[in-house]
Amino acid sequence: APGWTGDVSTCDAGTTTSAWRAAVVSRLNLYRELIGLDNVTEHATLSARTQQGALIISANGVMSHFPPPASACYTEIGYNSSGQSNIAIGSYGTSSIDAYMDDPGPSNAAVGHRRWFIFPQLAVIGNGDTGTVPWDGGCCGAFGNNVMVFCEADNGGIDCFASGRSAPDFQAWPSPGYVPFELFPTSRRWSVSKAGVDFTLGVAFVTINGVARNVTSTTGGSFMPTIVFDGPAPADFVSSDDHVYDVHVSVGAATFAYTVTAFDALSMGVALCDAVDLNGFLGCPLLHQLPGRFNGKVFYKATCECLPHVSVSRMCSHMQ
């Protein structure tokens, strides 16, 4: 990972810069703010622990929430953090945040990584990035990522959750309101979550703009009950015009109706601008600037290619 100080060959978990970790938190908070959730913060202690979990991934070329003790660079801290984190191989930093929110692949039909990220009570995370090369399917040294999303007792009493957090009546992704189409899930997995609703009970029916969509997963239980269904992906956005999607979801007696307006956040055709300072990052040359609409509100928005960093009021995004 860029700026990583460790070394797989010596099992040194190393660290990343505070600015790098802040960019990761900012990317996650972009998604949460679009949904209407409170921001999360990073805890340095948790990030130090997730570095050890990420190192196990990089050292072995495989990822597991429960790595065996025989694993290269195994530590008890790394083992524990792996079981409390979203984990990825072959990606790092903000690109891992995007991947977790997308949740592609046959084992992620229930969008479990996304559900952790949009859990309303989530308040504190740790982020670990290791490795120096893309993953080629083998060992060793590939990028590894751990994002701790729930904290057990071994973390010194640090609690990842907090009560009294703001949240809309339900949590949908893509969310109601204006959403950059570049953030739409390439997996086509749209979702609605609501506490207290068992989406496994009753007949599930979903339409987008009046057309029935395939329901691919339903869950109940106490943690983020969710329905997942097929929806538009970035590839479906064929012009720079806004695309409006009216979504209707019904499962038994529970119904949800909302509108998603997709817009092109990277539309070109305006003048170049001067460099700006984005949360401590200097000299990021702007490609262009234009009004950006997030959930019906207008903010200044800028897009850059030099840095994978986003925020709601200023977005400097390298989509990976």
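Rules used throughout
- Residues numbered from 1 in each chain as written.
- Predicted model: local features only at pLDDT ≥ 70, side-chain atom pairs only at ≥ 80, totals over all residues.
- Heavy atoms only, no water.
- Core = buried A, V, L, I, M, F, W, Y, C linked by side-chain atoms within 4.5 Å.
- Buried < 20%, exposed > 50% of the residue type's maximum accessible area, 1.4 Å probe, protein only.
- Helix = DSSP H or I, 4+ residues; strand = E, 2+ residues; numbered from the N terminus.
- Contact = heavy atoms within 4.5 Å.
- Phe/Tyr/Trp six-rings, centres within 6.5 Å; stacked < 30°, edge-to-face > 60°.
- Disulfide = S-S within 2.5 Å.
- Pairing = 2+ DSSP bridges.

Peer 1: Quick question: what am I supposed to make of the nonpolar core here?
Peer 2: For soluble globular proteins, nonpolar side chains are generally found buried alongside one another. With 56 residues, the main nonpolar core has Val 192, Phe 229 and Val 249 as its most contacted residues. Ranked by the residues each element gives to this core, the list is headed by helix α1 (residues 18-35), at 8 residues. Sequence-distant contacts of Val 249, defined by excluding residues within four places in its chain, comprise Val 192, Phe 205, Val 206, Ile 227, Phe 229, Ala 254, Thr 255 and Phe 256. Listed in part, the 6 residues of the second largest apolar core include Trp 4, Val 8, Ala 13 and Ala 59.

Peer 1: Help me out: how do you make sense of the packing of aromatic side chains in this one?
Peer 2: Both the distance between ring centres and the angle between the ring planes are used here to describe each pair of aromatic rings. The full count for this structure, using the stated rule, is 20 aromatic pairs. A ring pair is formed by Phe 184 and Trp 190, whose centres lie 5.4 Å apart and whose planes are at 85 degrees; its orientation type is edge-to-face. Each member of the pair, Phe 184 together with Trp 190, is buried. Site record: aromatic cluster; members linked through ring pairs are Trp 116, Phe 119, Phe 150, Phe 161 and Phe 223.

Peer 1: Would you mind going over the state of the cysteines with me for this structure?
Peer 2: Joining two cysteines, a disulfide is a covalent bond between their sulfur atoms. In the structure shown here, the tally under the stated rule is 2 disulfides. Through a disulfide, Cys 11 is tied to Cys 73; the S-S separation comes to 2.2 Å. Negative torsions about the S-S bond denote left-handed disulfides, and the value of about -80 degrees found for Cys 11 with Cys 73 makes this one left-handed. In this pair, Cys 11 is assigned in the segment before α1 and Cys 73 in the loop between α2 (44-60) and α3 (76-82), connecting sequence segments 62 residues apart. Look at Cys 11 and you get partly exposed, because its relative accessible area is 40%. Two residues, Cys 151 and Cys 160, share a disulfide whose sulfurs are 1.8 Å apart. Between Cys 151 and Cys 160, the S-S torsion sits near 60 degrees, and that sign places the bridge as right-handed.

Peer 1: Any chance you could explain the pairing of strand β13 (residues 254-263) here in plain terms?
Peer 2: The two faces of a sheet get side chains in turn, since along a regular strand they alternate between them. Across the 10 residues that make up β13, a large majority, 7, are buried. Where strand β6 (residues 177-180) meets β13, 4 bridges bridge the pair, whose relative direction is parallel. Paired with Tyr 178 across the strands is Thr 261, a residue of β13. Joining the antiparallel neighbours strand β12 (residues 243-251) and β13 is a turn of 2 residues, in which Gly 252 adopts a positive phi near 60 degrees.

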